[in-house]
Amino acid sequence: MSPSEYTSMSFCKESNKLVGTNNFLAWKKRTDLLLKENESIEHIKGNINILAKEQTQALAKYNKDETRSQRILIESIKDSLIPYVSKFETSKEIYDKLVELFSISTTEEVISLRN
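Residues numbered from 1 in each chain as written. Predicted model: local features only at pLDDT ≥ 70, side-chain atom pairs only at ≥ 80, totals over all residues. Heavy atoms only, no water.

Draft legend 1. Structural context of the overall build of the protein chain. Per the secondary structure count, the protein chain includes 8 helices and 0 strands. Overall, the protein chain shows an N-to-C arrangement of helices and strands of α-α-α-α-α-α-α-α. When burial is assessed residue by residue, the protein chain has 30% of its 115 residues classed as buried. Within the protein chain, counting contacts between residues at least 6 apart in sequence, those at least 24 apart form 58% of the total. Put simply, the protein chain shows about 7,600 Å² of open surface, and 53% of that area lies on carbon and sulfur atoms. (Helix = DSSP H or I, 4+ residues; strand = E, 2+ residues; numbered from the N terminus. Buried < 20%, exposed > 50% of the residue type's maximum accessible area, 1.4 Å probe, protein only. Contact = heavy atoms within 4.5 Å. Areas by Shrake-Rupley, 256 points an atom, 1.4 Å probe, with all protein chains shown as cover.)

Draft legend 2. Local environment of helix α5 (residues 56-75). Its 20 residues give α5 an end-to-end C-alpha distance of 28 Å, which sits within 8% of 28 Å, the value for a rise of 1.5 Å per residue. Turning to α5, its buried residues number three or more, namely Tyr62, Asp65, Glu66, Ser69, Ile72 and Leu73. Each buried residue of α5 lies within a common arc of 120 degrees when the element is viewed along its axis, so the set occupies one face. Turned more than 90 degrees away from the buried face of α5, the exposed residues are Thr56, Gln57, Lys64, Thr67 and Arg71. (Expected span 1.5 Å × (residues − 1). Arc of directions from axis to C-beta.)

Draft legend 3. Focus on the packing of α5 against helix α7 (residues 91-102). Taken N-terminus to C-terminus, the directions of α5 and α7 make an angle of 25 degrees; their axes are 9 Å apart at the nearest point. Overall, the two elements α5 and α7 adopt an arrangement that is roughly parallel. The interaxial crossing formed by α5 with α7 has left-handed handedness. Every residue of α7 that contacts α5 at Glu66, Ser69, Gln70, Leu73 and Ile74 is listed here: Ser91, Ile94 and Tyr95. Broken down by class, the residue content of the contact of α5 with α7 amounts to 4 nonpolar, 3 polar and 1 charged. (Axes fitted to C-alpha atoms, helices over the stretch in contact; angles between N-to-C directions. Parallel < 35°, antiparallel > 145°, perpendicular 65-115°, else oblique. Left-handed = near helix turned anticlockwise from the far one by under 90°. Nonpolar A, V, L, I, M, F, W, Y, C, P; charged D, E, K, R; others polar.)

Draft legend 4. Up close: the pattern of salt bridges. Here the structure, examined in full by the defined rule, presents 6 salt bridges. Across the pair lysine 61 and aspartate 65 runs a salt bridge whose closest N-O atoms are separated by 2.5 Å. Of this pair, lysine 61 and aspartate 65 both sit in helix α5, separated by 4 residues, roughly a single helical turn. A relative accessible area of 9% places aspartate 65 in the buried class. Between lysine 97 and glutamate 100 there is a salt bridge, with its nearest N and O atoms 3.3 Å apart. Here lysine 97 pairs with glutamate 100, and both are found in helix α7, just 3 residues apart, close to one helical turn. Connected through shared salt-bridge partners, Lys61, Asp65 and Arg68 make up one network. (Salt bridge = Lys/Arg side-chain N within 4 Å of Asp/Glu carboxyl O.)

Structure, rendered in structure tokens:
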């Protein structure tokens, strides 16, 4: 088993999965690190060169990396959250939607979580 497979398996334990705003920051950090480790973070950032995708070999690598990125994201969230992201076709769209849904943007939201 390769190190990234081990990390992916341990990362996706039930206790590490995204459940909502209360564990979003921990989930985001773990997910970002796993995506970096698997050389998939550029898909999330949307930094893939469109011209390179037109070449057959580059397209095959892009598709493999994109699938890996999506799998990491889907396996890192509770099943109950999958309907919220199932319509999206790219890992960037999935990641952005999760960030939109669960990131805390105001002090009032942070305070409300503590109560």
